[in-house]
Amino acid sequence: MSIILGIDPGSRKCGYGLIKAQGSRLQYIASGIIRVEKLEFPDRLNTIFKTIGELIAEFQPDQAAIEEVFVGKSGVSALKLGHARGAAMVACTNAGLPVFEYAARRVKLAVVGTGNADKTQVQHMIKNLLKLTE
């Protein structure tokens, strides 16, 4: 049995989820959003780092999975996303967790069956896979 911390990094909102995986059986543990949009940028990174560290201390995951950085229309946005990813990754590696990086398209393909799935489709499938009510 393994506990996995999944991180959807962002410089304004950083999502996370924790599951227990035993073979193909998955069990929901916790999820949430680290909201940092009202903070100055250095404080955002610090809050992401500290909160991920607190989640690791509380739930004791065995590994972490994080979305790979992608470059959209704005180079500045990509750089900020990279900083947020870095803060989360350092929190994980600082706690001794192995960190695995996945492309968003690859995750969508595995969960929904298409790499072009939208957030609503992914949420629906996660809800079904983890037998959640919401």
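Our subject is the structure listed above.
Residues numbered from 1 in each chain as written. Predicted model: local features only at pLDDT ≥ 70, side-chain atom pairs only at ≥ 80, totals over all residues. Heavy atoms only, no water.

Draft legend 1. Representation of the layout of surface pockets within the structure. The volume enclosed by the largest pocket comes to roughly 1700 Å³. As for the largest pocket, its lining consists of 40 residues, and the residues nearest its centre are Gly6, Asp8, Val107, Val122 and Ile126. Broken down by secondary-structure element, the contributors of at least two residues to the lining of the largest pocket are strand S1 (2-8), strand S2 (13-22), strand S3 (25-35), strand S4 (63-67), strand S5 (99-102), helix H3 (104-112) and helix H4 (119-129). Looking at side-chain class alone, the lining of the largest pocket contains 24 nonpolar, 7 polar and 9 charged residues. (1 Å grid on protein atoms, 1.4 Å probe; cavity = no way out; pocket = protein on both sides within 12 Å on 5 of 7 lines; lining within 4 Å. Points joined across faces, edges and corners; volume = space filled by probe spheres on them. Helix = DSSP H or I, 4+ residues; strand = E, 2+ residues; numbered from the N terminus. Nonpolar A, V, L, I, M, F, W, Y, C, P; charged D, E, K, R; others polar.)

Draft legend 2. Representation of the nonpolar core within the structure. Ranked by size, the top nonpolar core spans 22 residues in total, and within it Leu5, Ile7, Ile34, Ile48, Ile52 and Cys92 carry the most contacts. Elements with a minimum of two residues in this core: S1, S2, S3, helix H1 (41-59), S4 and helix H2 (75-94). Leaving out residues up to four positions away in the same chain, leucine 5 has contacts with Tyr16, Gly17, Leu18, Ile52, Ile56, Pro61, Gln63, Ala64, Ala65 and Cys92. (Core = buried A, V, L, I, M, F, W, Y, C linked by side-chain atoms within 4.5 Å. Buried < 20%, exposed > 50% of the residue type's maximum accessible area, 1.4 Å probe, protein only. Contact = heavy atoms within 4.5 Å.)

Draft legend 3. Representation of the sheet that holds S1. Spatially, 5 strands are ordered S3-S2-S1-S4-S5 in an open sheet, and the strand pairing comes out mixed. Each edge of the open sheet is held by one strand with a lone partner, namely S3 and S5. Each neighbouring strand pair of the sheet contributes to a mean axis angle of 20°, computed without reference to strand direction. Inspection of the sheet shows S1 paired to S4 by 4 bridges, in the parallel sense. Following the sheet pairing, leucine 5 is matched in S4 by alanine 64. (Pairing = 2+ DSSP bridges. Axes fitted to C-alpha atoms, helices over the stretch in contact; angles between N-to-C directions.)

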